[in-house]
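Summary of structural features
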Amino acid sequence: TGFSLAEVRGKALHDYLHHTRPDGTPYPLEECPIDQALPQRMREQGEEVFVHRDGHFYPVAFTASPIVEDGRAVGTIIEVRDITEEKRAREELLARDREAALTIAVGEAVTGTGSLAESLQRCAEAVVEHLDAAFARIWTLNEDEQVLELRASAGLYTHLDGPHGRVPVGMYKIGRIAEEREPHLTNDV
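Residues numbered from 1 in each chain as written. Predicted model: local features only at pLDDT ≥ 70, side-chain atom pairs only at ≥ 80, totals over all residues. Heavy atoms only, no water.

1. With respect to the overall build of the protein chain
So the rule is basically this: Where helices and strands are cited, they refer to DSSP runs of H or I of at least four residues and of E of at least two residues respectively, numbered from the N terminus. We compute the radius of gyration over the C-alpha atoms and compare it with the globule rule, which gives 2.2 Å times the number of residues raised to the power 0.38. Exposed residues in this analysis have more than 50% of their type's maximum accessible area, buried residues have under 20%, and partly exposed residues fall in between, with area computed by a 1.4 Å probe over protein chains only. Per-residue and other accessible areas were derived by the Shrake-Rupley procedure at a 1.4 Å probe size, with only the shown protein chains allowed to occlude residues.
Looking only at helices and strands, the protein chain features six helices and six strands. Along the protein chain, from the amino end to the carboxyl end, the secondary structure elements read α-α-α-β-β-β-α-α-β-β-β-α. A compact globule built from 189 residues would reach a C-alpha radius of gyration of about 16 Å, whereas the protein chain, at 26 Å, exceeds it by more than 25%. Along the longest, intermediate and shortest principal axes, the C-alpha atoms of the protein chain span 85 × 35 × 25 Å. The buried share of the protein chain, taken over its 189 residues, is 25%. With an accessible surface of roughly 12700 Å², the protein chain has 53% of that area assigned to carbon and sulfur atoms.

Here it is, written out as structure tokens:
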């Protein structure tokens with residue numbers, strides 16, 4: 001947490017570790033599932049995001065169990081475990097699974113029956129499906145004319161005509177990629 005025991009003794013957990021959401025908005029105590037164990041006299045467990053003393057956020061697994069004496073809830077035992085590495089490992093495993101599924105789908109599209117256009121369309125659809133892409137397009141190069149011809153499109157835009165249907169090598173991002181023959185990664189589409 002970054003805090004010493006002396007700094008937090010007597011303070012509510014929520015006030016120093018759980019007061020803000022990762023988007024910067026306040027996290028009201030009444031919405032906190034950890035705090036619900038005491039008044040509801042029920043064990044609560046799940047995952048939350050805590051704020052470290054230095055301001056970074058980190059995921060935790062928690063169990064909050066009420067302490068009941070003579071039928072009255074008098075306190076709460078809260079167990080919290082940092083699950084940053086577990087979440088990272090889960091995300092990496094999911095990414096590998098998506099990549100493997102994409103590889104299989106593309107392999108089936110390329111080796112299956114049908115025309116080149118049908119195979120390319122199945123490849124574009126696989127990218128959208130397995131990588132959660134908004135859209136995917138595949139061009140082929142007409143070497144004689146030095147023009148990229150849009151052959152497949154899946155996702156939000158499925159039309160093959162329009163200004164991106166035929167792109168001269170060197171024009172637009174896709175034309176520059178073809179000209180430079182280097183991968184290009186951008187979030188600005």
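What follows continues from the structure just given.
2. Notes on the nonpolar core
The nonpolar side chains of soluble globular proteins are, as a tendency, buried together. The test is simple: Throughout this description, the term nonpolar core refers to a set of buried Ala, Val, Leu, Ile, Met, Phe, Trp, Tyr and Cys residues connected via side-chain atoms within 4.5 Å. We call two residues in contact when some of their heavy atoms are within 4.5 Å.
Grouped together as the largest cluster of nonpolar side chains are 11 residues: Val-8, Tyr-16, Leu-17, Tyr-27, Cys-32, Ile-34, Phe-50, Tyr-58, Val-60, Phe-62 and Ala-64. Of all the secondary structure elements, the ones that give two or more residues to this core are helix H2 (13-17) and strand S2 (57-69). Ranked by residue count, the leading element in this core is S2, at four residues. Once residues within four sequence positions are removed from consideration, Tyr-16 is found in contact with Phe-3, Val-8, Lys-11 and Val-51.

3. Some points on the sheet that holds strand S6 (residues 166-168)
Strands belonging to one sheet form pairs held by backbone hydrogen bonds; the direction of such a pair is parallel or antiparallel. Selection criterion: In this analysis, strands are considered paired if DSSP registers two or more bridges between them. Inter-axis angles, ranging from 0 to 180 degrees, are taken between N-to-C directions of lines fitted to C-alpha atoms, where helices are fitted over the stretch in contact.
As summarised here, the arrangement of the three strands in space is S4-S5-S6, forming an open sheet in which the pairing is antiparallel. Two strands close off the open sheet at either side, each with one partner strand: strand S4 (135-142) and S6. Looking at each pair of strands side by side, their axes are set apart by 35 degrees on average, direction ignored. Together, S4 and strand S5 (147-155) form the strand contacts of helix H5 (residues 116-131), whose direction differs from that of S5 by roughly 55 degrees. In the packing of helix H6 (residues 172-180) onto the sheet, the strands contacted are S4, S5 and S6, and the crossing angle to S6 comes to about 55 degrees.

Distances and angles like these do not, on their own, reveal function.
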